[in-house]
Amino acid sequence: MLVIAAPGQGAQVPGFLAPWLELPGTAELLERWSEAVGLDLKRYGTTADAEEIRDTAVAQPLLVGAGFAAAAALFGDLDSAPDSIDAVAGHSVGELTAAGLAGVLRPEDALALVAERGRGMAEAAARTETGMTAVLGGDRDEVLAALESHGLTPANDNGSGQIVAAGTTEQLAALAEDPPPRARLRSLSVAGAFHTHHMAPAAERVERLAKSVEPADPRTRLLSNRDGAVVATGGEYLDRLVQQISAPVRWDSCTETLAGLGATALIELPPAGTLTGLAKRGLPGVERLAVKTPDDLERARELVREHSQSTATRQEGRP
């Protein structure tokens, strides 16, 4: 069973799109999508520095555009992608990439929504000084209790011993002074407390735009960050996309669902590495491929062919 995974904000690094622009047609796609989001995605993905692409209003459209570009290169075109995928999941903003790959949203609609999402979250983050800190290791219950005691939200529950705390800078500073036993803390380079109540204004803003979008039903299994559920209708998934802006990401639940479904291979779209890293512990025995540059496409295509053949064999009832 082949899974495609799309990373979330924080995965981007300066210049990660540069090698992809050498592929035929990729530059043209990014030019078209740049017009849709009102940003020069090619420049931000090639020559912009780390501070520029840290901007939430830039990072989120850049990630979704990059995911779509790589998927188009992998599958030939986005419309046929669902036919070769057994399941798709995205982490945080990666859910919009996942929605496009599953056929729920047209790329242009997904990009319009992510542009509004990025702007809304950037504005919400500017209202109060907030941030996020990764809590690595420790006992899960003790970690959650420590976050609650400091008024923090477990904004990303990533599994594999990683929970991301989010809240005001004062709350995060208090956590740093009194960390959970046996846990390490790492401050994240993000602009605000994403997936918390601080993002409610952004969710309201995206909800208004979402009313003008007509989603289709998923053409392959599509997982939700809310609870790891496989969502059956496009309307429900779009609702969940809006709600997820101010609600925690349960990637641990997505991992449990994929394990239960019998995942055998996971391909992570660029900028790849984060989700395949989590899958090393969360999905033992599953083949993992982080597609970082076009050099990784040959193996990715092999995995797609291998799983397409095994799926066809099962459907025909052969052993």
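Before reading on, note that the structure itself is shown above.
Residues numbered from 1 in each chain as written. Predicted model: local features only at pLDDT ≥ 70, side-chain atom pairs only at ≥ 80, totals over all residues. Heavy atoms only, no water.

1. Here's the deal with empty space enclosed by the protein
Summary: where empty space remains is shown by rolling a probe the size of a single water molecule over the atoms. Where we set the bar: As defined here, a cavity is a set of points on a 1 Å grid over the protein atoms alone where a 1.4 Å probe fits but cannot get out. A pocket is an open set with protein on both sides within 12 Å along at least five of seven lines, and residues line them when an atom is within 4 Å of a point. Grid points are joined across faces, edges and corners, and a volume is the space filled by probe spheres set on the points. Each helix is a run of H or I in the DSSP string that is no shorter than four residues. Each strand is a run of E no shorter than two, and both are numbered from the N terminus. Residue polarity is assigned by list, with Asp, Glu, Lys and Arg as charged and Ala, Val, Leu, Ile, Met, Phe, Trp, Tyr, Cys and Pro as nonpolar; anything else, Gly included, falls into the polar class.
Here the structure, examined in full by the defined rule, presents two cavities of 30 Å³ or more. If you add up the space inside the largest cavity, you get close to 80 Å³. Along its surface, the largest cavity is lined by Ser-92, Val-93, Glu-95, Leu-96, Leu-113, Arg-117, Val-206, Leu-238, Leu-241, Val-242 and Ile-245. Of all the elements in the fold, those that place two or more residues in the lining of the largest cavity are helix 5 (94–101), helix 6 (107–127) and helix 10 (234–244). Residues of the lining of the largest cavity, tallied by class, amount to eight nonpolar, one polar and two charged. Volume-wise, the second largest cavity comes out at about 50 Å³. Taken together, Trp-251, Thr-255, Leu-258, Leu-266, Leu-275, Leu-278, Ala-279 and Leu-283 make up the lining of the second largest cavity. Of all the secondary-structure elements, those providing two or more residues to the lining of the second largest cavity are helix 11 (251–261) and helix 12 (274–282).

2. Here we look at the side chain of Ser-92
For the record, the criterion: Only protein chains enter the accessibility calculation, which uses a 1.4 Å probe. A residue is then buried if its area is under 20% of the maximum for its type, exposed if over 50%, and partly exposed in between. Residue contacts are counted whenever heavy atoms from the two residues lie within 4.5 Å of one another.
Here Ser-92 shows up in the loop between strand 2 (87–90) and helix 5. Look at Ser-92 and you get buried, because its relative accessible area is 12%. Those residues in contact with Ser-92 that sit more than four places away from it in its chain are Arg-117, His-195, Asn-225 and Val-249.

3. Details of the packing of aromatic side chains
Heads up, the condition is: Side-chain rings of Phe, Tyr and Trp (the six-membered ring for Trp) are treated as a pair once their centres are within 6.5 Å; stacked means planes under 30 degrees apart, edge-to-face means over 60, and tilted covers the remaining angles. The criterion for a charge sitting over a ring is simple: Lys NZ or Arg CZ within 6 Å of the ring centre, and within 35 degrees of the ring normal.
The full count for this structure, using the stated rule, is one aromatic pair. Consider the rings of Trp-33 and Phe-68, whose centres lie 5.9 Å apart with planes at 65°: the pair is edge-to-face. Of the two residues, Trp-33 is situated in helix 1 (residues 26–37) and Phe-68 in helix 4 (residues 56–75); the sequence distance between them amounts to 35 residues. Taken individually, Trp-33 and Phe-68 each receive the classification buried, so the pair is uniform in this respect. When the ring centre of Tyr-44 is taken as origin, the NZ or CZ atom of Arg-43, which lies over that ring, is 4.5 Å away.

4. Some details on the nonpolar core
Here is the rule: The definition of a nonpolar core used throughout is a set of buried Ala, Val, Leu, Ile, Met, Phe, Trp, Tyr and Cys residues joined through side-chain atoms within 4.5 Å.
Trp-33, Leu-105 and Ile-267 are the most contacted members of the largest nonpolar core, which totals 78 residues. In terms of residue count, helix 4 provides more of this core than any other element does, 13 residues in total. Apart from residues no more than four positions distant in its own chain, Trp-33 is found in contact with Leu-41, Gly-65, Phe-68, Ala-69, Leu-78, Pro-107, Glu-108 and Leu-111. With 17 residues, the next largest nonpolar core counts Met-1, Ala-87, Trp-251 and Val-286 among its residues.

5. Focus: the pairing of strand 4 (residues 153–159)
We count it as follows: By definition, two strands form a pair when at least two bridges between them are found by DSSP.
The buried fraction of strand 4 is high, at six of seven residues. Inspection of the sheet shows strand 4 paired to strand 5 (residues 162–168) by five bridges, in the antiparallel sense. Counterpart to Asp-157 in the pairing with strand 5 is Ile-163. Connecting strand 4 to the antiparallel partner strand 5 that follows it, the hairpin turn spans two residues, and Ser-160 within it adopts a positive phi of roughly 50°.

6. Regarding helix 10
Taken together, the buried positions of helix 10 are Gly-234, Tyr-237, Leu-238, Arg-240, Leu-241, Val-242 and Gln-244. Where the residues of helix 10 are buried, they touch helix 5, helix 6, helix 9 (200–210) and strand 7 (221–222).

7. Details of the sheet that holds strand 8 (residues 265–268)
Worth spelling out the cut-off: Only the contacting stretch of a helix is used when fitting its axis, a line to C-alpha atoms as for every element, and angles between N-to-C directions run 0 to 180 degrees.
Pairing is parallel across the open sheet formed by five strands, whose spatial order is 7-2-1-8-9. The strands lining the two open edges of the sheet, one partner per strand, are strand 7 and strand 9 (287–290). Pairing of strand 1 (residues 2–6) with strand 2, which is carried by four bridges, proceeds in the parallel orientation. Within strand 2, the position partnered with Ile-4 by the bridge is Val-88. Its contacts with the sheet place helix 5 against strand 1, strand 2 and strand 7, and it is angled at close to 155° to strand 2.

8. Points about the packing of helix 5 against helix 10
Defined as follows: Between 65 and 115 degrees an angle is taken as roughly perpendicular, under 35 as roughly parallel, over 145 as roughly antiparallel, and anywhere else as oblique.
Between helix 5 and helix 10, the least distance of the axes is 10 Å, while the angle of their chain directions is 170°. What the angle tells us is that helix 5 and helix 10 run roughly antiparallel. In this structure, helix 5 uses Glu-95, Leu-96, Ala-98 and Ala-99 to contact helix 10, whose residues at the interface are Tyr-237, Leu-241 and Gln-244. Among the residues forming the contact of helix 5 with helix 10, the class breakdown is five nonpolar, one polar and one charged.

9. Some remarks on unusual backbone geometry
The omega angle of the peptide bond from Pro-270 to Pro-271 is 0°, so this bond is cis rather than trans. The backbone of Ser-160 shows a phi angle near 50°, a positive value even though the residue is not glycine. At Arg-182, a residue that is not glycine, the phi angle is positive and equals roughly 60°. Mapped onto the elements of the fold, Arg-182 is located in the loop between helix 8 (169–177) and strand 6 (183–187). Assessed through its relative accessible area of 63%, Arg-182 is described here as exposed.

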